[in-house]
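Below, each chain spelled out in residue letters.
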Amino acid sequence: MTDSRYEELKSQINFHNYRYHVLDAPIISDAEYDRLLDELKQIESARPEWITPDSPTQRAGAKPADKFEKIRHPKPILSLANAFGAEDARAWLERISKIDDRVEKAQFVVEPKIDGLSVVLHYRDGFFTQGATRGDGEVGEDITSNLKTIRAIPLKIPVAELEVTGYKLPRYLVLRGEAFIPIKDFETLNRKLEEAGEKTYLNPRNTAAGSLRQLDPALTSSRPLTLLVYQIVCHEGGEVPTSQWEILQYLKALGFPITDVAKRFDNLEAAIAYTETWNKGRDSLPYEADGMVIKLDDLKLADELGFVGKDPRGAVAFKFPAREVTTTLKEIGVAVGRTGVLTPYAILEPVEIGGVIVERATLHNFDFIAEKDIRAGDRVLVKRAGEVIPYIIAPVIDARTGKEKPCQPPSKCPACEQPVEHFEGEVAWYCVNAACPAQLVRNVEHFVSRGAMDIVGMGIEIVKKLIESEKISDVADIYTLTREDILDAITKKDRKTKSAPSGKNADNLLTAIIESKKQPLSRLIAALGIHGVGEVMAKDLSRAFGSLSALSQASADELQQIEGVGPNIAESIVDWFSRKANQNLLKKLSAAGVDPQMQKDEKKKEGALSGLTFVVTGTLPTLSRDDAKTFIESHGGKSTDSVSKKTSYLVLGENPGSKFEKAKSLGVKIIDEEGLKQLAQP
Ligand code: IVH
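Note that residues are indexed from 1 along each chain, following the sequence as it is written. In keeping with the model being predicted, local features are shown solely for residues with a pLDDT of at least 70 and side-chain atom pairs are shown and tallied solely at 80 or more, while totals for entire chains, interfaces and linings include all residues. Working from all heavy atoms in the structure, the side-chain values ignore hydrogens and water.

J.: Give a description of the nonpolar core that names residues and reports values.
T.: Working definition of a nonpolar core: buried Ala, Val, Leu, Ile, Met, Phe, Trp, Tyr and Cys residues. They are joined through side-chain atoms within 4.5 Å. Only protein chains enter the accessibility calculation, which uses a 1.4 Å probe; a residue is then buried when its area is under 20% of its type maximum, exposed when over 50%, and partly exposed in between. Of all hydrophobic cores here, the largest spans 53 residues; its most connected members are Met 458 and Ile 478. Once you skip the residues sitting within four places of it in the chain, Ile 478 turns out to touch Val 444, Phe 447, Val 448, Ile 455, Met 458, Ile 472 and Ile 513. Leu 173, Ile 181, Leu 248 and Leu 251 belong to the second-largest nonpolar core, a separate cluster that totals 41 residues. Whether two residues are in contact is decided by their heavy atoms, any of which lying within 4.5 Å being enough.

This is the structure we're talking about:
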């Protein structure tokens, strides 16, 4: 382990980070990136004194703060005057031409006006040292730890050489940019939350703002934030370009993300025409933009023009028309998601918003409807922004006639008519019927997956075909499939690719299906897709009950005797087995020969560590994490990831995380690797 390898790793990782998050053009795989990062972490855990602030490991890991400190900006962070249309923009030019006639020959830069959160970034000697929100323009909040988690922000300016940029890098450099969540990432985030039965976010802007104002940087880190920079607020001890266009190129050369939509024009009319093209094409922007900013390219001239209030005269925001309209909410519909989550949506009186006819809008969840008191028949304010699914902002209370109907969560699933379920602490309502047609593809996909029944070769396309041709209406039907059924599904699937249908593939799949009947009980429990029951818990349940029939008769109290099973999961298990549809499914599975009993190797190993629960934290001298786990389990102990009152011992290594603090505060006994080995001796 050498100092130079450490430096090399840091710059390699930072470079790949830049390729991925700034250029959007990675040149190594995620796995290779992770390997580099792992090596770096190993070095840092052995040599913590080497760690520098630009190490990629310093992006996360800052402790949660109690509050944000205030930061006075080195110069006021200004706002922008608005122009609503070409006439307004021309009037702006006329006004400033009267103040300075150089404006008549001026050039203009047009940039997108991203609807995010304005942030200020400070660099000293090339290192990112501080970051703040705009606040009131004079004083902002210190959100440095949160900004560090945004990978598009360089922790160290990777280029400092005069030859690359033509300018000597200032020792102190303050930049301004806009932090935001790209629309695609926002939709993905919401889809995942929805599938997990959690609250979804209302729109990308609020989510970005909320994420940056989290006191715990770990939360910020989990949000898909990024940023584009567009301004040098001030600089000392160096030099920077004096035109906006060159500033953008300069920032790009320094390794910062800048917009690729910006363009420079010789006259205002050309600049206006360009903003108009983006007004029409705004749906193709990857982020929400509420307009374009037209800026004088000559920054010295812009500066000399001064400002009116907080608005500089040298730039104007050319606003796009708002995409909010009111219409009537005719009815509230309910969709069943792949995971059984019931999501309400608004069926609207069709209305045009920015060239698109909108007939539906998301209502997020039933809590949202209750909070906003949205009723069927209401006039509602609807927004469509970019490619974000249109959403309801609020009902127009003043327009109520008294005939509007409040909305309650449905008592039955709209797809299968089975009673719905609500779990405490979760916002969603679920359909938990394993045979619900709306969830069938996903249920089958889960049932055959690797951690479950592991039926290799049963890909999603085949599953879809089998469902389409009504060969499968629940997971038990997998076991009555014939060779012809499978061949037919494979043939249909292959029609697209034109390759010859393969009887061999059908035979292999049929064998895999038959083989899967021998899977241990724990796999079948995991495969059923009971809410809250994953692979690890399935193993514990299998060990504790030994058969499906015993598990199906367990009471909530009995279930809660098992570690990790709280009242919610116990209730969810009891509920699952109490349903007729699920009982029928189990009968069908059993009739098809799928009724495993606990196998010997699933029985808990007995040993010196039996009955003890361990949590490992930090780097142990000889055992890796996995080795330590295997060691503990092979001696009859249990290894878990989080410290609780039930933890018997914390096994402490070098550079422990927060688990160490937690164990201390709970009074959990602490041992090292040697201590663990001694305990394990019979
Ligand atoms: S220039 C003197 N450029 O819009 C500089 N602002 O309504 C004034 N914004 O608070 C700002 N994209 O958060 C500028 N390319 C861009 C922008 C931009 C978004 C935001 C910024 C500002 C608001 C002004």
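J.: Give me the lowdown on the packing of aromatic side chains, citing residues and values where you can.
T.: Any Phe, Tyr or Trp ring, taking Trp's six-membered ring, that has another such ring centre within 6.5 Å forms a pair; planes under 30 degrees apart are called stacked, those over 60 apart edge-to-face, and the others tilted. Considering all chains together, one arrives at eleven aromatic pairs under this definition. Measuring from centroid to centroid gives 5.2 Å for Tyr 123 and Phe 256, while their planes differ by 85°, and the two rings are edge-to-face. One end of the pair, Tyr 123, is in strand S4 (residues 117-124); the other, Phe 256, is in the loop between helix H9 (244-253) and strand S9 (263-265), with 133 residues separating them in the sequence. Overall, Phe 256 belongs to the buried group, its relative accessible area being 2%. Summarising the aromatic geometry, the rings of Phe 265 and Tyr 274 are spaced 5.2 Å apart at their centres and angled 45° between planes, so their arrangement reads as tilted. The helix count covers DSSP runs of H or I at least four residues long, the strand count covers runs of E at least two residues long, and both are numbered beginning at the N terminus.

J.: Now, about the sheet that holds strand S23 (residues 613-617): what can you tell me, with residues and values included?
T.: For two strands to be treated as a pair, DSSP must find no fewer than two bridges joining them. A sheet is described by the order of its strands in space; here four strands give the open sequence S24-S23-S25-S26, paired in parallel fashion. The two strands at the open ends of the sheet, each matched to only one other strand, are strand S24 (638-639) and strand S26 (669-671). In this structure, strand S25 (residues 649-652) lies alongside S26, joined through three bridges in parallel fashion. Its bridge partner being in S26, Leu 650 is matched across the sheet by Ile 670.

J.: Talk me through the environment of Pro 26; I want residue IDs and the actual numbers.
T.: Take Pro 26: it is sitting in the loop between helix H1 (3-21) and helix H2 (30-46). Between the C-alpha atoms of Pro 26 and His 16, which are ten residues apart in sequence, the distance is 6.6 Å. The contacts of Pro 26, once residues within four sequence positions are left out, are Arg 19 and Tyr 20.

J.: Please set out the site of the ligand residue by residue, giving values where relevant.
T.: Nearness is defined per residue: one heavy atom within 4 Å of the molecule or strand is enough. As a structural note, the neighbourhood of the ligand is formed by 15 residues, with Glu 111, Pro 112, Arg 176, Glu 178 and Lys 295 the closest of them. Whenever two N or O atoms come within 3.5 Å, that pair is a polar contact, provided that in protein one can donate a hydrogen and the other can accept it, and provided that, for residues adjacent in sequence, both atoms are side-chain atoms. A distance of 3.2 Å separates a nitrogen atom of the ligand from a polar backbone atom of Pro 112. Within the contact set of the ligand, a nitrogen atom lies 2.9 Å away from a side-chain nitrogen or oxygen of Lys 295. Only the protein chains shown count as cover for residues, with accessible areas throughout obtained via the Shrake-Rupley method and a probe of 1.4 Å. Burial of the ligand by the protein chains amounts to 88% of its free accessible area of 530 Å². Among the elements of the structure, strand S3 (108-114), strand S7 (172-180), strand S8 (226-236) and strand S10 (289-296) are those that each provide at least two residues to the shell around the ligand. Any residue outside Ala, Val, Leu, Ile, Met, Phe, Trp, Tyr, Cys, Pro, Asp, Glu, Lys and Arg is labelled polar, Gly included; the first ten of those are nonpolar and the last four are charged. For the shell around the ligand, the class distribution of residues is seven nonpolar, three polar and five charged.

J.: Let's hear about unusual backbone geometry: which residues, and what values?
T.: With a phi close to 60°, Asp 24 is a non-glycine residue in the positive phi region. Along the chain, Asp 24 turns up in the loop between H1 and H2. Notably, His 364 is not glycine yet its phi reads approximately 65°, a positive angle. Along the chain, the position of His 364 falls in the loop between strand S16 (356-362) and helix H12 (366-372). His 364 gets classed as buried once you look at its relative accessible area, which sits at 6%.

J.: Tell me about the environment of Leu 623, and please be specific about residues and values.
T.: Checked against the element boundaries, Leu 623 lands in the loop between S23 and helix H23 (625-634). In sequence terms Leu 623 and Val 240 are 383 residues apart; their C-alpha atoms lie 52 Å from each other.

J.: Give me the confidence of the model for the protein chain: which residues, what numbers.
T.: Per-residue confidence from the predictor is reported as pLDDT, a score between 0 and 100. Across the protein chain, the average pLDDT comes to 90, with 97% of residues at or above 70. S7 holds the highest mean pLDDT among the elements of the protein chain, 98, whereas helix H15 (residues 483-497) holds the lowest, 75.

J.: Can you break down helix H25 (residues 673-680) residue by residue, with the values?
T.: Among all positions in H25, only Glu 673, Gly 675, Leu 676 and Ala 680 are buried. For H25, the buried positions fall inside an angular range of 160° around the axis, keeping them on one side. Close packing links the buried residues of H25 with S23, H23, S25 and S26. What the arc measures is the spread of directions leading from the helix axis to the C-beta atoms.

J.: Pulling in residues and values, what's your account of the sheet that holds S7?
T.: The strand order across the open sheet formed by four strands is S5-S4-S7-S8, and the pairing between neighbours is antiparallel. The sheet is open, and its two edges are formed by strand S5 (127-133) and S8, each paired on a single side. Across the sheet, the axes of successive neighbouring strands diverge by a mean angle of 25°, strand direction being ignored. Examined bridge by bridge, S4 and S5 share six bridges and lie antiparallel to one another. Pairing of Val 119 across the sheet is with Thr 133, part of S5. Whenever a helix is involved, its axis is fitted only over the stretch in contact; in every case the axis is a line through C-alpha atoms, and angles between N-to-C directions fall within 0 to 180 degrees. Relative to the sheet, helix H7 (residues 204-212) contacts S4 and S7, its axis offset from that of S4 by approximately 40°. Strands S7 and S8 of the sheet are contacted by H9, whose axis makes an angle of about 110° with S8.

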